[in-house]
Amino acid sequence: MNKMYTKTYKLIMFLSIFVANTSFCYAASSSSVNEKALSSQGISKIDDMDRSWFSVLSGSPSSSPVQTNFGFLIVEDSKFLSSYSRAGQRLWQTNTGAKIKGITFSETEFIALTNQKNQLQLVNPSGLILWSKPLGFESFSEPFFGFDGRIFVRSKTQISCFGINGLQKWTLLTESQQNLNPELLNDGSIIVFLEKTHDGKTCALRISPFGNILEEIVFQGKVVNAFTCTDGIILVFSTGEIGMCAIKTSTDKENGLIYSKWINKEVKCNEFSRSRKISSKDYGIFTPNQNFIIINTEKGTVKKSFRIPEITDNNYLYFETVDDKIIVAQSSDFVIYNTSGKKLKQLQMPSKSGKYRWDYACFINSGFATFLSKDWTVNSFKIISTSKEKISPTFSYYQSKNIESGYKAYIKNLDYKPEKSSFSPEVCRTLKKGNFGQKEVDISNIVNTVINSYFENKMTETVNRNPFELVSIDYNLTDIENVLNIVPLLQSHYFQQKVALLLSVETDKTMIVKLLKTAGSCGYDPGGELLLQIEILVKHTSPKDHMILAATADAVYEICRFMGRPALLSKGKQILNGMFFPQYDETTKKAARNAMQKLAQLNM
């Protein structure tokens, strides 16, 4: 067990609980919904509807599809990962090399998966396998993403954390864990539920993003289900009541401690309940044979509650939300309600052995009920109109986004000047070996302090101020380069933003080249800040500054390779194409051409 922890046995007081490349793709002559089939009179049969499109997969589906921002992902023939658009067109296919066991999809559209070789793999939004790493154990459940692209994966008695660069940050042995998946708290720490109980009450560990146990928890009841939300974790107890545990983020003395945010004893949920986000503070929870509820996660109050009596099977197929609509399906029935509780449609699902036979089903948020068969066929039916059908899929555009780094809660600016030995090349070599655990906090604080000091110095170079007002800076360019060498190893969006900030003010050409190399080494640019700043830099760089322009081309290649088609199709190609303008000589054009050729070879 990790020695770096405080044994805080905490009883969470929930008050009175005590508890285009497809083999074949066809679109119907009209994508409109069959009006007769969707008549509001009685229950219509999907078997009687005209399909909107159908497709033929390149292999037999091995599991249920995963809905994405651009369509759906499907595992074919156990080891092929394929991405399809909302209209059934195959976007890409990747051979992962082994039978896939668990798969998860991040908000930034990256895919983490585990396989039978006990490997963890990261796939970018264009299907490129960025890395494969041995786990050293058999994974117990699908991996899951934390803040800053961190990826967590566990065995029955172990949990490991990888950076999005593939570097294993830490691994921690635990007591035997239960089947209930770990959940992410609002400060980036995770809750791992243990098999052991205390007087019948669930025990759990709260683990920091850096691998140290922060608290050992005994909940005030048996936890049978849990959902990660923006404000914390909704816990479902065996009595049916729900409550939220969260981390205080205020400046009071209990800052950083887990606490009971609210409890609601009026609702009834169970292990079959599922949750979906309705808005920033509202979540919908569906439970078969119980009321569907919309709950405000800030206060724990139920904003709406109504029955969906058509769905009674605990093993229902899916529960999704889009706009103001709730979509639930079981093997026999498909229903749509609005958030006010009005039933909009009820359809009878196709016979599994009939005209549109199927083995797996999913709902695509552009309004399609989609059915996949092991005979490789996909049949899809336009059921409702949604706002998503009017939005371009994210694989075809890229824009700078305002993404906050969860890392910020843990990083401080030191009130002293770090010694140069604390960020020396030897420190960098140690980090490359991985498994640095809690040391990452100390190193991050050092890197943050040096970068902030350097930035402040750059901002005051041309300002006539009293020198005694300034922080004393005696770091030379070699020192700053040593710090920048560490940044890609920490692989935090927080520091990627710092690199973009330095690029906006740096005037020294040698440092600009070093910053560009750092940006390329990071690769991960979920908010688009790096590419945006590089685009601005090129516009203000003299065509004769060959070193900067060559470093720019390399950085664009590395970022586009990592981020995939969204980065390439808009920003990447735009920046590189601009370097073929007449004002640039053959040296610059050659650098841009080489970058574009390498990107073309990736077949993204």
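In case you missed it, the structure is sitting above this.
Residues numbered from 1 in each chain as written. Predicted model: local features only at pLDDT ≥ 70, side-chain atom pairs only at ≥ 80, totals over all residues. Heavy atoms only, no water.

Engineer: Would you mind showing me how to read the environment of F140 here?
Structural biologist: Its location among the elements puts F140 in the loop between β12 (129-134) and β13 (144-145). Accessibility expressed as a relative area gives 28% for F140, which makes it partly exposed. Placed 17 residues apart in sequence, F140 and T157 show a C-alpha to C-alpha distance of 9.1 Å. Among residues more than four places away in sequence, those in contact with F140 are R154, S155, K156, Q177, Q178 and N179. (Helix = DSSP H or I, 4+ residues; strand = E, 2+ residues; numbered from the N terminus. Buried < 20%, exposed > 50% of the residue type's maximum accessible area, 1.4 Å probe, protein only. Contact = heavy atoms within 4.5 Å.)

Engineer: How do you make sense of helix α4 (residues 493-505) when you look at a structure like this?
Structural biologist: For an α-helix the count is 3.6 residues per turn, leaving residues at separations of three or four pointing the same way. Helix length check: α4 (13 residues) gives 19 Å between terminal C-alpha atoms against 18 Å at 1.5 Å per residue, within 8%. Of the positions making up α4, those classed as buried are H493, Y494, F495, Q496, K498, V499, A500, L502 and L503. Tucked into the core, α4 has its buried residues touching α2 (439-460), α3 (477-490), α5 (509-522) and α6 (529-539). (Expected span 1.5 Å × (residues − 1).)

Engineer: Even after reading the chapter, I still don't get the sheet that holds strand β30 (residues 325-329), so can you show me in this structure?
Structural biologist: Across a sheet, strands are paired by hydrogen bonds formed along the backbone, either parallel or antiparallel in direction. Within the open sheet, the 5 strands sit side by side as β3-β32-β31-β30-β29. Their pairing is mixed. Among the strands making up the open sheet, the edge pair consists of β3 (44-45) and β29 (318-322). In the sheet, β30 pairs with strand β31 (residues 333-338) via 5 bridges, with the strands oriented antiparallel. By the bridge assignment for β31, I327 is matched with I336. (Pairing = 2+ DSSP bridges.)

Engineer: Just checking my understanding: could you explain the nonpolar core for this structure?
Structural biologist: For soluble globular proteins, the rule of thumb is that nonpolar side chains tend to be buried together. Residues F110, L122, V447, I486, L516 and I534 are the most contacted members of the largest nonpolar core, which totals 77 residues. The leading source of residues in this core is helix α7 (residues 546-563), at 11 residues. Those residues within four positions of F110 in sequence are excluded, and the remaining contacts are T104, F105, L122, V123, N124, P125, L130, F145, I164, Y524, F562 and M563. Y318, A329, I336 and L347 belong to the second-largest nonpolar core, a separate cluster that totals 19 residues. (Core = buried A, V, L, I, M, F, W, Y, C linked by side-chain atoms within 4.5 Å.)

Engineer: Explain the pattern of salt bridges to me, please; I cannot follow it from the model alone.
Structural biologist: Side chains that differ in sign of charge can pair as their charged atoms come close. In total, this model carries 21 salt bridges according to the counting rule given. R150 serves as the salt-bridge partner of E440, at 2.9 Å between the closest nitrogen and oxygen. Residue E440 is located in helix α2, and its partner R150 is located in the loop between β13 and β14 (151-154); the two are separated by 290 residues in the primary sequence. Taken together, the shared-partner salt bridges in this structure form one network comprising D231, K261, K281 and E298. (Salt bridge = Lys/Arg side-chain N within 4 Å of Asp/Glu carboxyl O.)

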